[in-house]
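Working through the structure, step by step
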Amino acid sequence: MKKSRRRFLQNSLVLVPALGCAPLSYLNGEAKKPLVLSTWDSGVIANAGAWPVLQSEGRALDAVEQGGIAIEDHISCCVGLGGNPDRDGFVTLDACIMDEKANCGSVAFLERIKHPVSVARKVMEETPHVMLVGEGAQQFALEQGFPLEDGKLSPDAEKAYKKWLEKSAYKPVKNIERTQLNKGKGPYAPSMFDDGSFNHDTMGTICIDSHGDLSGMCTTSGMGFKMRGRVGDSPIIGSGLFVDNEAGAAVATGQGEEIIRISGCHLVVELMRNGATPQDACEKAIARIVKRDPVKAKDFQACFIAINKKGEHGAFAVHPGFNYTISDMTQENKVLDSKSYFS
Ligand code: GLY
C-alpha cells in the first residue's frame, strides 16, 4: 500500500486539517472543494484512492477511477473478483464511470478482469460506445492489455457459495457491509449469514475537484448468488450513477432493480437541477421508490449519495444502516450515518 494511502486510512474518522497543502480554491473560501464521497464505511478505502489525485489538484475523473481501483483491489463480498459469485459459481462484475462532459463508459457481466472501472473508462475513451457486456467486454479488456485472471473464487467466497448451495435461498438482506462491521467480522468480510441469505452492496464514488468539475464511478459484483446474466443498476448510466457538471452528481447502492425502475441517479440530479439540495433530492428519490410498493420496500435497501456544484452533499436510504464516507480539506475522512425513510 502506498504511504500516502496508508496515512489517509489511518486518519479515518478523525478530523485532520490539511491546509498546508490545500489548493488555492479552498483557501480563497470558494465552494467546498475538492470533496469526495463514497458509499459505505468501506468508502474509506475508495476515498484513500481518490484523495491523492484531488489533493494535487488533479482531475475528478482520475480521482474516481483511482477510488474504484482501490476498492476493487480489496477483497470484499460485493466488489471485484473477491466478491460473491452468481448461482452458477462465477463472479461477474459491473462498473461505470462518467465525467464532467457527460462522457461515460460502462461494462456489465464482465468476468475474470480485476479492474472493471478502468475497463469502463477505456470503453468511454477508446470506443464510440457507452456500454460493453459479457464476452465482448472481456475481449475488449484483453485487447486493451488487462490481464485475464484465473477465475477462481476467493476462499471466503468459495465458502459462502458452498453454504448458499445448501439451501439456494434467494432473498436480499439489508446493509451487508454495515451488518458485518457490527457483527465484528470486519467491514469487508464476504457476505453470508447463518440462514444462508445474502446481500450485495455497491461502491460508488462521486467528487468535485479543485477546478469545480464533477465525476463519478460505480463498481460492484452485484447481488450475491444472482441468476446468471443478471445485471443491476450499477453499470447503467442514469440508474446507478449520473453526473451533470451544471447540476450535480449522484451514485446509488442497494437493490438494483428498484433503483433502475425510477432511473434513480438521473432523477436525483434532475431534482438538484430544479433547485433541490442534494439532501432533498436523495430523499425525494427514495420516497419515489418506496411509494411504488411500500410493502415490498420493507424488505430491501436502496440508497443514494449526491453532491452539487457548491460542494454541498446529501444521502438518504430506505432503511437505517446505510453510511457513507466523506473527505475534504477540513475533515480528511469521516464516516457518516445516513438518514432513512423507515426508522
Ligand atoms: N446495486 C447493485 C446491484 O443491484 O447489483
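**Thoughts on the overall build of the chain**
Of regular secondary structure, the chain possesses 11 helices and 13 strands. When each of the 343 residues of the chain is scored for burial, the buried share is 61%. Long-range pairs, those at least 24 residues apart, make up 67% of the contacts in the chain with a sequence separation of at least 6.

**Overview of the nonpolar core**
Residues Val268 and Phe304 are the most contacted members of the largest nonpolar core, which totals 58 residues. In this structure, Ala60, Ala95, Ala120 and Leu132 belong to the second largest nonpolar core, which totals 28 residues.

**Overview of the packing of aromatic side chains**
Enumeration according to the criterion identifies six aromatic pairs in this entry. For the pair Tyr341 and Phe342, a centre-to-centre distance of 5.1 Å together with 75° between the ring planes defines the contact as edge-to-face. Relative accessible area serves as the criterion here: at 42%, Tyr341 is assigned to the partly exposed category. Judged by its relative accessible area of 19%, Phe342 falls in the buried class. Through pairs of rings, three or more aromatic residues link up here, namely Trp40, Phe322 and Tyr324.

Criteria and thresholds
Residues numbered from 1 in each chain as written. Predicted model: local features only at pLDDT ≥ 70, side-chain atom pairs only at ≥ 80, totals over all residues. Heavy atoms only, no water. Helix = DSSP H or I, 4+ residues; strand = E, 2+ residues; numbered from the N terminus. Buried < 20%, exposed > 50% of the residue type's maximum accessible area, 1.4 Å probe, protein only. Contact = heavy atoms within 4.5 Å. Core = buried A, V, L, I, M, F, W, Y, C linked by side-chain atoms within 4.5 Å. Phe/Tyr/Trp six-rings, centres within 6.5 Å; stacked < 30°, edge-to-face > 60°.

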